[in-house]
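The lines below spell out each chain.
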Amino acid sequence: MADSAQTQELVYLVTGGCGFLGEHVVRMLLQREPRLRELRIFDLHLGPWLEELKTGPVQVTAIQGDVTQAHEVAAAVAGAHVVIHTAGLVDVFGKTSPETIHEVNVQGTQNVIEACVQTGTRFLIYTSSMEVVGPNIKGQPFYRGNENTPYEAVHRHPYPCSKALAERLVLEANGREVLGGLPLVTCALRPTGIYGEGHQIMRDFYHQGLRLGGRLFRAIPASVEHGRVYVGNVAWMHVLVARELEHRAALMGGQVYFCYDNSPYKSYEDFNMEFLGPCGLRLVGTRPLMPYWLLVLLAALNTLLQWLLRPLMLYAPLLNPYTLAVANTTFTVSTDKARRHFGYEPLFSWEESRTRTIRWVQTVEGSA
Ligand SMILES: NC(=O)C1=CN([C@@H]2O[C@H](COP(=O)(O)OP(=O)(O)OC[C@H]3O[C@@H](n4cnc5c(N)ncnc54)[C@H](O)[C@@H]3O)[C@@H](O)[C@H]2O)C=CC1
Ligand SMILES: C[C@H](CCCC(C)(C)O)[C@H]1CC[C@H]2[C@@H]3[C@H](O)CC4=CC(=O)CC[C@]4(C)[C@H]3CC[C@]12C
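In this text the structure is predicted, and so the values were computed from the model without any measurement.

*Asks:* Looking at this model, I keep getting lost on the site of ligand 2. Mind explaining?
*Replies:* Neighbouring residues of ligand 2: 16 residues in total, closest Ser-129, Glu-131, Tyr-159, Gly-193 and His-226. Contact between ligand 2 and Tyr-159: an oxygen atom at 2.6 Å from a side-chain N or O atom of the residue. A distance of 3.2 Å separates an oxygen atom of ligand 2 from a polar side-chain atom of His-226. Contact with the protein chains covers 90% of the free accessible surface of ligand 2, which is 620 Å². Those elements giving two or more residues to the shell around ligand 2 turn out to be α7 (200–211) and α12 (321–327). Ranked by residues supplied to the shell around ligand 2, first place goes to α12 with three residues. Residues belonging to the shell around ligand 2 are distributed by class as follows: 11 nonpolar, four polar and one charged.

Have a look at this one:
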C-alpha cells in the first residue's frame with residue numbers, strides 16, 4: 001500500500017455498502033479518506049442513492065454481487081488495497097433459514113478472505129458484532145466489559161453462531177501470505193446495537209407506536225442496560241482502522257475491537273425513547289406492564305406460530321425467545337482499546353448523534 005499511499009491512489013472495496021452501516025461507511029470514506037482513488041461498493045441490492053456519488057472526484061464503482069459466489073467476490077476484490085467486509089445477513093427474527101445465514105455470513109466471509117489471498121489484497125476489516133460474545137444462552141450479564149473480560153460465550157442462535165465463526169476465520173487469516181508474498185493483515189470490529197439514520201428496527205418501533213396511538217408499552221425493566229453505538233461513529237472507526245492498519249500491522253493485526261462511543265447506558269426501550277420521545281411517542285409504565293413469564297410464553301407462542309404458518313406466510317414478529325433474552329440481559333461495554341491502538345475518538349458526540357437520529361425519525365414520519 002505504501003506506493004499507492006504516496007501517489008494518493010488507493011482502491012477500497014466495501015461489501016454490503018448499501019446496507020444501514022455500509023452506506024455510512026461509504027459516505028464517511030468519501031468525506032474522510034483523501035487518498036482514495038476508487039471506491040467499490042459491492043452489494044446484493046444496489047441503492048439508487050449511489051448515483052449521486054458518481055459525480056465526485058473519487059471513482060465510485062457499484063458492483064451488484066453475492067458474497068456467496070466466490071468468483072464474483074474475487075472479481076470485485078482484485079486490485080483493491082483495502083476490503084471492508086460489512087455484508088451480512090442480520091436476522092434474529094427467523095426470516096431466513098439457518099443454512100442461508102451460515103452461507104452468507106460464514107461462507108461469504110471465507111470467500112472474501114480467499115479473494116484477498118488470491119488477488120494480493122493485504123488489508124481486511126471485518127464487521128463482527130457484540131453478539132459474538134453475548135448475551136449467552138444463560139442470560140449472564142456483561143457489565144461494562146472490555147475485550148479481555150472473561151465471559152462464557154455460548155450460542156445456539158444461527159446469527160451469533162455465524163458471526164462468531166466468521167470472526168474466527170478472519171482473525172485466523174491474519175498473517176496468511178497473499179499473492180505477491182506479503183502477509184494479510186486482518187482485524188474485526190464488534191459493534192454493540194447500532195442506531196442512527198436508516199435503522200430499520202427503530203423505524204418499526206416508531207410505526208408500532210403510531211399504530212398504538214402514540215404509545216409504546218414497557219416490556220423490559222429499566223434496570224437492564226443495553227450497549228448502543230451511533231452508526232456514524234461505527235463508520236468512523238472502520239475508516240480509521242482501514243487507515244492505520246498498514247502502519248500498525250504488528251499491533252492491530254488479528255485483533256478485535258468493540259465499537260463504542262459516549263451514548264448513555266440505558267435499557268433498550270428507554271434508549272429508543274431518546275429519539276422516539278421527541279417525535280411524539282410515550283413509553284407507558286415505569287415497570288414492565290406484563291410479568292416476565294407471560295412474555296416468555298408469548299415469545300414461545302410466536303415461535304410455534306412461525307413454524308405453523310411457514311407453509312402459508314412469513315410470520316416474524318419482533319418478540320421471540322432469542323430477542324427477549326437479548327433485550328432482557330444487561331450487555332454493556334467500557335473500553336479504550338481502540339483509542340490506545342489507533343487513536344479512535346468518537347467523531348459525533350452523544351448530543352449530535354441524538355439530534356441526527358431524531359431528525360431522521362422525523363423524516364420517516366413525514367414519509368409514513
Ligand atoms: N445492526 C446492528 O445493530 C449490528 C450490525 N452488525 C453487523 O454489521 C453489518 C452490517 O449490518 P447492518 O447494516 O445492520 O445490516 P443491513 O442488512 O442493513 O446491511 C447488510 C448489507 O449486506 C448486504 N448483503 C446481504 N447478503 C448479501 C450477499 N449474499 N452478498 C452481498 N451483499 C449482501 C445487504 O444487501 C445489505 O445491504 C453486518 O455484518 C452485521 O452483522 C454488528 C453489530 C450490530
Ligand atoms: C428486537 C429486540 C427488542 C424487542 C424486545 C421486545 C419484543 C421485548 O420489545 C432488540 C433488542 C436488542 C437487539 C439486538 C442487539 O442490539 C444486538 C444486535 C447485534 C447485531 O449484531 C444484530 C442485531 C442485534 C441482534 C439486535 C437485534 C434486535 C434486538 C434483539
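Once you've had a look at it, read on.
*Asks:* How should the UniProt feature "domain: 3-beta hydroxysteroid dehydrogenase/isomerase" (unreviewed entry) in the protein chain be read in this particular structure?
*Replies:* Residues given the UniProt feature "domain: 3-beta hydroxysteroid dehydrogenase/isomerase" (unreviewed entry) here are residues 13–283. The straight-line gap between the two end C-alpha atoms of residues 13–283 is 42 Å; of that span, 37% is helix and 20% is strand.

*Asks:* Quick question: what am I supposed to make of helix α4 (residues 70–77) here?
*Replies:* Owing to its 3.6 residues per turn, the α-helix aligns residues three or four sequence positions apart on the same side. Among the residues of α4, those classed as buried are Val-73, Ala-74, Ala-76 and Val-77. Down the axis, α4 shows its buried residues gathered within 165 degrees of arc, on one side only. Among the exposed residues of α4, those oriented more than 90 degrees off its buried face are His-71 and Ala-75. Buried positions along α4 lie against β1 (10–15), β2 (36–43), β3 (59–64), β4 (82–85) and α5 (98–119). Gly-79 occupies a position one or two residues after α4 and carries a positive phi of about 90 degrees.

*Asks:* Is there a simple way to explain the nonpolar core in this structure?
*Replies:* One recurring pattern in soluble globular proteins: nonpolar side chains tend to sit buried together. Ranked by internal contacts, the top residues of the largest apolar core, which has 70 residues, are Tyr-12, Leu-29, Leu-39, Ile-84, Leu-276 and Phe-342. It is helix α8 (residues 231–244) that contributes the most residues to this core, nine residues altogether. Ignoring any residue separated from it by four or fewer positions in sequence, one finds Leu-39 in contact with Tyr-12, Val-14, Val-26, Leu-29, Leu-30, Val-58, Gln-59, Val-60 and Thr-61.

About the criteria used
- Residues numbered from 1 in each chain as written.
- Chains lettered and ligands numbered in written order.
- Predicted model: local features only at pLDDT ≥ 70, side-chain atom pairs only at ≥ 80, totals over all residues.
- Heavy atoms only, no water.
- Near = heavy atom within 4 Å.
- Polar contact = N/O pair within 3.5 Å; in protein donor to acceptor, adjacent residues only side chain to side chain.
- Areas by Shrake-Rupley, 256 points an atom, 1.4 Å probe, with all protein chains shown as cover.
- Helix = DSSP H or I, 4+ residues; strand = E, 2+ residues; numbered from the N terminus.
- Nonpolar A, V, L, I, M, F, W, Y, C, P; charged D, E, K, R; others polar.
- UniProt positions renumbered as here; feature names shortened; annotations may be inferred.
- Buried < 20%, exposed > 50% of the residue type's maximum accessible area, 1.4 Å probe, protein only.
- Arc of directions from axis to C-beta.
- Contact = heavy atoms within 4.5 Å.
- Core = buried A, V, L, I, M, F, W, Y, C linked by side-chain atoms within 4.5 Å.

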